[in-house]
Amino acid sequence: MKHLDDLDLEHTKLSVDGDGIATLTLDRAAKRNALNAATIDELIDIFTVVPRAGVRAVVLRAEGTHFCAGLDLVEHHSEDRRPEDFMHVCLRWHEAFNKMEYGGVPVIAALKGAVVGGGLELASSAHIRVADASTYFALPEGQRGLFTGGGATIRVADLVGKARMIDMMLTGRVYQGDEAISLGLAQYLVEDSEAKAYDLARAAASNPPLSNFAICSAISHMQNMSAMDAAYAESVVAGIVNTQPASRGRLAAFADKSAARVRPNER
Ligand code: 1HE
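## Examining the packing of helix α6 (residues 152–160) against helix α7 (residues 162–171)
Axis separation between α6 and α7 bottoms out at 7 Å; the angle between their running directions is 115°. Crossing angle aside, the handedness with which α6 passes α7 is right-handed. Facing A152, T153, V156, A157 and V160 of α6, the residues of α7 in contact are K162, R164, M165 and M168. In terms of residue class, the contact of α6 with α7 is made up of six nonpolar, one polar and two charged.

Listed below in structure tokens is the structure:
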């Protein structure tokens, strides 16, 4: 099995600090971090290794002023792909984004500038999205004569609903600011999305890894199941997670009143 140090990365960068917080950077700022085939291959490699490398949380960020401009349209144009070629491109995108969403390690996306097309498909595969004032979301597929191929029909429709997604694709409608938050395109709107993403990553990383594994894989799997099957799967997952050795000390602390209580935010 490959290790983090063995990865051969050209369009992305990956580092892990002493607390197990990984920073994954999209590193094609000159092309507005457009996703070419090679970048997708790197994401597959990264999210194949990350779940077994002791990583506690991942901050997904980007170089430059835009998070991601989506599919590399220039590569797509010059490759002059046949239908079956592009089907395989999409299958690679799905492999990368599924590994991310179902991998069991929290991924927090620090957004800025354009989060468009495939960039929104990438962002919507993260577990938490943090936006700043520059962040805007769009699906310009219709105006490019394209269709989403990286899972937007599942994940973006899940975030904003079918009607809004169709509107975004048909008319190029852009969402930003509070409106984007109220729709669920991102969960936080802050001045510095990267600083906030690290705060959230550190908070998540303080949970037992097995709890985070369940949160960042089981919920997604259960969404794909019938209610009956999801309830059954939930009981099995909870059986394992809620009896893990790592939770014993936390439960003891609650019982002896030394653990923090859940309080409302300061007003
Ligand atoms: C690109 C791409 C790209 C920029 N593929 N090269 N996505 C889109 O329709 C979005 C297309 N991009 C844009 O609308 C704009 O580039 C941005 C709003 C993201 C940024 O604007 P700006 O003024 O900062 O940059 P720019 O001058 O447009 O582009 C700078 C360079 O990035 C330029 O390359 P250069 O070599 O001429 O300097 C651009 O060609 C390059 N660039 N975006 C390739 N997307 C699995 S299906 C998914 C389907 C989709 O994702 S459709 C949505 C595609």
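## As for the site of the ligand
The environment of the ligand is formed by 26 residues, the closest being K31, R32, A69, G118 and R144. At 3.3 Å from an oxygen atom of the ligand is found a side-chain nitrogen or oxygen belonging to H66. One of the side-chain nitrogen or oxygen atoms of R144 is found 2.5 Å away from an oxygen atom of the ligand. Starting from 1,000 Å² of accessible surface for the ligand in isolation, the protein chains cover 69%. Every element with two or more residues in the shell around the ligand is listed here: α2 (73–79), α3 (83–102), β5 (114–116), α4 (118–123) and α5 (141–144). Residues belonging to the shell around the ligand are distributed by class as follows: 14 nonpolar, six polar and six charged.

## Here's the deal with helix α1 (residues 37–49)
Here α1 contains 13 residues, and its C-alpha end-to-end distance of 19 Å stays within 8% of the 18 Å for a straight helix at 1.5 Å per residue. Listed as buried for α1 are T39, I40, E42, L43, I44, I46, F47 and V49. Of the surrounding elements, those touching the buried residues of α1 are β1 (12–16), β2 (21–26), α3, β4 (107–110) and α4.

## So, the pattern of salt bridges
Any two side chains of opposite charge can pair, given that their charged atoms come close. In this structure the tally under the stated criterion is 13 salt bridges. A salt bridge links R82 to E84; the shortest N-O distance between them is 3.5 Å. For R82, a relative accessible area of 47% puts it in the partly exposed group. We note a salt bridge from E95 to R92, for which the minimum N-O separation is 3.3 Å. Taken as a pair, E95 and R92 lie in helix α3 at a separation of three residues, close to a single helical turn. Residue class for E95 comes out partly exposed when judged on its relative accessible area of 33%. Three or more residues are tied together by salt bridges with common partners; here these are K13, R61, E63 and E194.

## Details of the sheet that holds strand β8 (residues 175–176)
Strands sit in the order β5-β7-β8 across an open sheet of three strands; the sheet is mixed. Each end of this open sheet is capped by a strand with a single partner; those strands are β5 and β8. Bridging between β5 and strand β7 (residues 136–138) involves three bridges; their strand directions are parallel. Across the sheet, residue V115 finds its bridge partner in β7, namely F137.

## A look at the packing of aromatic side chains
The full count for this structure, using the stated rule, is one aromatic pair. Look at W93 and F97: their rings are 5.7 Å apart centre to centre, the planes differ by 65°, and that puts the pair in the edge-to-face class. Pair noted here: W93 and F97 are both in helix α3, with a separation of four residues, about one helical turn. Here the two residues W93 and F97 agree in accessibility, since each one is buried.

## Side note on the domain arrangement of the protein
As assigned here, the protein comprises domain 1 (4–205) and domain 2 (225–255). The centre of domain 1, based on its C-alpha atoms, is set 30 Å off from the matching centre of domain 2.

## What about the pairing of strand β6 (residues 128–131)?
Note: β4 against β6, three bridges, orientation parallel. Each residue of the ladder has a partner; that of A110, found in β6, is V130.

## Focus: the sheet that holds strand β9 (residues 188–189)
If you trace the six strands from one edge of the open sheet to the other, you get β1-β2-β3-β4-β6-β9, paired in mixed fashion. The two strands at the open ends of the sheet, each matched to only one other strand, are β1 and β9. Bridge analysis of β6 against β9 gives two bridges, and the strand direction is parallel. Its bridge partner being in β9, A131 is matched across the sheet by L189.

Scoring rules and cut-offs
- Residues numbered from 1 in each chain as written.
- Predicted model: local features only at pLDDT ≥ 70, side-chain atom pairs only at ≥ 80, totals over all residues.
- Heavy atoms only, no water.
- Axes fitted to C-alpha atoms, helices over the stretch in contact; angles between N-to-C directions.
- Helix = DSSP H or I, 4+ residues; strand = E, 2+ residues; numbered from the N terminus.
- Left-handed = near helix turned anticlockwise from the far one by under 90°.
- Contact = heavy atoms within 4.5 Å.
- Nonpolar A, V, L, I, M, F, W, Y, C, P; charged D, E, K, R; others polar.
- Near = heavy atom within 4 Å.
- Polar contact = N/O pair within 3.5 Å; in protein donor to acceptor, adjacent residues only side chain to side chain.
- Areas by Shrake-Rupley, 256 points an atom, 1.4 Å probe, with all protein chains shown as cover.
- Expected span 1.5 Å × (residues − 1).
- Buried < 20%, exposed > 50% of the residue type's maximum accessible area, 1.4 Å probe, protein only.
- Salt bridge = Lys/Arg side-chain N within 4 Å of Asp/Glu carboxyl O.
- Pairing = 2+ DSSP bridges.
- Phe/Tyr/Trp six-rings, centres within 6.5 Å; stacked < 30°, edge-to-face > 60°.
- Domains from an automatic or database assignment.

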